[in-house]
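Structural characterization, general
In case you want the letters, here they are:
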Amino acid sequence: MSLVAAALLEKIQSRRARTGVVGLGYVGLPLAVELGRAGFHATGIDLDERKVAAITAGRSYIPDVPTADLVSLTRAGRLDATTDFSIVRELDTINICVPTPLRKTKDPDMSYIVSAVEAIAKYLHEGMLIALESTTYPGTTEEVVQPLLEATGLKAGRDFFLAFSPERVDPGNPTFQTHNVPKVVGGLTPDCAKLAAALYGTAIETIVPVSSTRVAEMVKLLENTFRAVNIGLVNELALMCDKMKIDVWEVVDAAKTKPFGFMAFYPGPGLGGHCIPIDPFYLSWKAKQTGFDPRFIELAGHINGGMPHYVVEKAADALNTRRKSINGSRILVAGVAYKRDIDDMRESPALDVMGLLHAKGASVAYADPFVPVVHAREWSGGHDIRAVDLTRGSIGQYDCVIIVTDHKSFDYDAIVAEADVVVDTRNAIKQRHPNVFRLGAPGPESQGSNIAIA
Ligand code: SAJ
């Protein structure tokens, strides 16, 4: 290990190293808190003054970070925050936890990484460790981050140290938080790898060293592409089962009794969130640059992206049994968050479903206890739309209720009792009812029972 590296290692091991985290969202703030808990003076850096003010005031805006923890760390002088990157002059390590969204063209939007690294480079000094955490394509650390930092004249691996370690934060997960999710770490050089492992090892229980930053970048993309492709597979199975009059939900539940070699995924109205619909396209974009055709990723994206259309078709078929059309019907979308019992709307398929219904002439309303308003920019209806209450006595006014997100708090008995037709995209209603049409399952009319259809 070089003298420069050894000096930083000693600072890390003695907790004298000044640690910094750029990007104080659901990844960065919990990491800064863990570094503070590990005994470091951790400094958060974010462009959002509201985040910085909240941390300074000891007020948490991330549900996974209790305000009490923030208060004790800020009071102990082990956690502070600023919008001023010049603090980097005083820092020994920086973890970069900024967003990596997709552009409309499904190309990677690297602007957050580039602006963060450029801001750091202005104050980069000898003996620093920089670790990128943002989910990105293999090669980013070496091809984007390293050149920007070496433009200062300092050399990675000699004057400063560079690593990649994918974030694995699962917001709201009651079992797995930052400190107890194994942390994959890849360094540009052996010294880089050792220093990054040493830093993370002070705050996280299990470190998983890999041989390079590219391997570490690819690990995260495999994890989330695995989910997107398997969700695509089960969505395609749902489309097949619909045609073959087989109940896909019963099929998956029976398949998951296999104690090995199988992992249950469930069909749904599409793929939401800021990870699963996006990360695989970072990989496919890079793969295409090398002349490789990433067919699985593209096909999964096609199938998952088509599910909102299938849901609207299902609604049209259900209304048709009542001699109604989507055009002119009053349709209530139950649940718009991208998954159950959260308030996150990013990439939510409910927005696609609502836009498609609106385009076909339906009068669209939605209910979601976690989402009070959907703004015009978020769906193609062109105007803000406020959530309605989904309460007993209020449901009969709708021609169709579509369960898009199966929040636990919904009164499903009331929906079944009062809605003329229900389209259930999440198998939220377990019993069979003459007015409930389920995604990927035989309709009420073909359930072989004497259920009368009005
Ligand atoms: N979905 C399905 N069928 C499934 C699972 C999910 O349609 O069987 C849909 C969800 O409704 C949602 C989307 O896919 O719209 C994504 O769901 P998700 O369960 O993957 O949840 P996320 O987006 O919160 O994914 C995060 C990821 N965590 C990180 O990237 C660090 C993912 O790796 C986790 O496995 C996942 O949480 C989790 O297990 O909760």
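Up top is the structure.
A brief structural summary. Just so we're clear, the structure is a prediction, and the values are computed from it rather than from any experiment. (Residues numbered from 1 in each chain as written. Predicted model: local features only at pLDDT ≥ 70, side-chain atom pairs only at ≥ 80, totals over all residues. Heavy atoms only, no water.)

1. Examining the overall build of the chain
Within the chain, the regular secondary structure consists of 13 helices and 15 strands. Taking 2.2 N^0.38 as the reference for a compact globule, 454 residues should give roughly 22 Å; the C-alpha atoms of the chain span a radius of gyration of 25 Å, in line with that estimate. Referenced to the eigenvectors of the C-alpha coordinate spread, the extents of the chain come out at roughly 80 × 50 × 40 Å. Expressed as a percentage of the 454 residues in the chain, the buried residues total 54%. Looking at the chain alone, contacts between residues at least 24 apart form 68% of all its contacts between residues at least 6 apart. When the accessible surface of the chain is summed, it comes to about 19900 Å², and 55% of that surface belongs to carbon and sulfur atoms. A distance of 1 Å separates the average location of the 47 positive side-chain charges in the chain from that of its 53 negative side-chain charges. (Helix = DSSP H or I, 4+ residues; strand = E, 2+ residues; numbered from the N terminus. Rg over C-alpha atoms; globule rule 2.2 N^0.38 Å. Buried < 20%, exposed > 50% of the residue type's maximum accessible area, 1.4 Å probe, protein only. Contact = heavy atoms within 4.5 Å. Areas by Shrake-Rupley, 256 points an atom, 1.4 Å probe, with all protein chains shown as cover. Lys, Arg positive; Asp, Glu negative; His and termini not counted. Charge placed at Lys NZ, Arg CZ, Asp CG, Glu CD.)

2. Concerning helix α3 (residues 49-56)
Where α3 is concerned, the buried positions are Val52, Ala54 and Ile55. What you see down the axis of α3 is that its buried residues fit within an arc of 160°, all on one side. Facing away from the buried side of α3, by more than 90 degrees, are the exposed residues Glu49, Arg50 and Thr56. Check the buried side of α3 and you find it contacts α2 (28-37), α4 (67-75) and β3 (79-82). Between the side-chain oxygen of the N-cap and the backbone nitrogen of Arg50 there are 2.8 Å, and the N-cap of α3 in question is Asp48. One or two steps after α3, the chain reaches Gly58, where phi turns positive at roughly 70°. (Arc of directions from axis to C-beta. Polar contact = N/O pair within 3.5 Å; in protein donor to acceptor, adjacent residues only side chain to side chain.)

3. Quick look at the sheet that holds strand β15 (residues 436-438)
Within the open sheet, the five strands sit side by side as β10-β9-β13-β14-β15. Their pairing is parallel. Looking at the sheet topology across the chains shown, the edges are occupied by β10 (363-367) and β15. Across the sheet, the mean angle separating the axes of adjacent strands is 20° when strand polarity is ignored. Relative to strand β14 (residues 421-424), strand β13 (residues 400-403) runs parallel, the two sharing four bridges. Each bridged residue has a counterpart across the sheet, and for Val401 the counterpart in β14 is Val422. Those strands touched by helix α11 (residues 295-320) are β9 (330-334), β13, β14 and β15, and its axis lies near 155° from that of β14. (Pairing = 2+ DSSP bridges. Axes fitted to C-alpha atoms, helices over the stretch in contact; angles between N-to-C directions.)

4. A few points about the environment of Asp92
In this fold, Asp92 is placed in the loop between β3 and β4 (93-96). Setting aside anything within four residues of it in sequence, one finds Asp92 in contact with Leu8, Lys11, Arg16, Ala17, Arg18, Gly127, Met128 and Leu129. Only 3.0 Å separates the side chain of Asp92 from the side chain of Lys11, close enough to count as a polar contact. Within the local environment of Asp92, its side chain forms a polar contact with the backbone nitrogen of Arg18, the two atoms lying 2.7 Å apart.

5. Comments concerning helix α1 (residues 3-13)
Residues of α1 that are buried: Ala5, Leu8, Leu9 and Ile12. The arc enclosing the buried residues of α1, seen along the axis, measures out at 105°, which places them on a common side. Check the buried side of α1 and you find it contacts β4, β5 (129-132), β6 (161-164) and α7 (190-201). Arg15 sits one or two positions beyond α1 and adopts a positive phi of about 65°.

6. With respect to the packing of aromatic side chains
One pass over the full model with this rule turns up four aromatic pairs. With a centroid separation of 5.6 Å and an interplanar angle of 70°, the aromatic rings of Phe226 and Phe265 are classed as edge-to-face. With a gap of 39 residues between them, Phe226 in helix α8 (residues 213-244) and Phe265 in the loop between α9 (248-255) and α10 (279-289) connect regions that are remote in the sequence. When its relative accessible area of 35% is taken as the criterion, Phe226 is described as partly exposed. We classify Phe265 as buried; its relative accessible area is 8%. Look at Trp249 and Tyr266: their rings are 6.3 Å apart centre to centre, the planes differ by 10°, and that puts the pair in the stacked class. With Trp249 in helix α9 and Tyr266 in the loop between α9 and α10, the pair connects residues that are 17 residues apart, well separated along the chain. The class of Trp249 is buried, set by a relative accessible area of 4%. Its guanidinium or amino end placed over the ring of Phe281, Lys106 lies 4.5 Å from that ring's centre, counting from NZ or CZ. (Phe/Tyr/Trp six-rings, centres within 6.5 Å; stacked < 30°, edge-to-face > 60°. Lys NZ or Arg CZ within 6 Å of the ring centre and 35° of its normal.)

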